[in-house]
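# Notes for the structure review
Below, each chain spelled out in residue letters.
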Amino acid sequence: MTNFWKVNGKWRIGRFIIITILLVLVSCFLYTFHQKILRQLYLEEHLEQQYGLKKDEYQIKSYFSKFGYDCILVLHDEPRTSYDFNVRETNGDYYAVYLGHHFLDPSEEFIDFREPKHPEFEQFKDEP
C-alpha cells in the first residue's frame, strides 16, 4: 500500500507547498505590475486632456510605494526637475494627486534654478 504523503520516500506535500507559494508570489507580482501600468496610462491620458502634454514631451516612471502607486514625470524641456504624482483608486475610479516637484541636480552651478518652469501642476485637481 502506498502512502499518499510520500512518493519513493520523499514528501509530496513539500512540492505542493513550494508550487503554491511560487504561484501566489507570481500572481502578486503580476497584479502589482498590471495596476502600475493601468495607473500610469490613466495619468498619461489625464495629462494629455488637461495640459495638452503629448507622450513624446516627457518621460514617466511609475513604482509602488508605501502610499500607493507613484509616478515621476520628467519633461524634456526641463530635465533637472521631476514632478511627482500619486494615482489612487476609489470605488473603481482612478484619480491623480500632485505631490510636488524635486530637483534632480542640486549642484552649486544650478543654485539659481529654484522654481520649476511648469507651475500649472500646483493647481492639479483630480479628486473624486
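First, a word on scope: everything that follows refers to the structure included in this document. What you are looking at is a predicted structure, and each value in this text was computed from that prediction instead of being measured. (Residues numbered from 1 in each chain as written. Predicted model: local features only at pLDDT ≥ 70, side-chain atom pairs only at ≥ 80, totals over all residues. Heavy atoms only, no water.)

Check the secondary structure of the protein chain and you find 1 helix and 6 strands. Its helices and strands in sequence order give the protein chain the pattern β-β-α-β-β-β-β, from N to C terminus. Split into buried and exposed, the 128 residues of the protein chain put 30% on the buried side. Accessible surface computed for the protein chain: about 9,400 Å², of which carbon and sulfur atoms make up 59%. (Helix = DSSP H or I, 4+ residues; strand = E, 2+ residues; numbered from the N terminus. Buried < 20%, exposed > 50% of the residue type's maximum accessible area, 1.4 Å probe, protein only. Areas by Shrake-Rupley, 256 points an atom, 1.4 Å probe, with all protein chains shown as cover.)

The next thing to look at is unusual backbone geometry. Of note in this structure, Asn91 is not a glycine but carries a positive phi near 55°. Looking at where Asn91 falls in the secondary structure, it is placed in the loop between strand S5 (81-90) and strand S6 (93-103).

Further remarks concern the sheet that holds strand S3 (residues 58-65). What the 4 strands build is an open sheet, ordered S3-S4-S5-S6; its pairing is antiparallel. Only two strands of the sheet have a single neighbouring strand rather than two, namely S3 and S6. Strand-to-strand twist in this sheet, taken as the mean axis angle between neighbours without regard to direction, amounts to 25°. Note: S3 against strand S4 (residues 68-75), 8 bridges, orientation antiparallel. (Pairing = 2+ DSSP bridges. Axes fitted to C-alpha atoms, helices over the stretch in contact; angles between N-to-C directions.)

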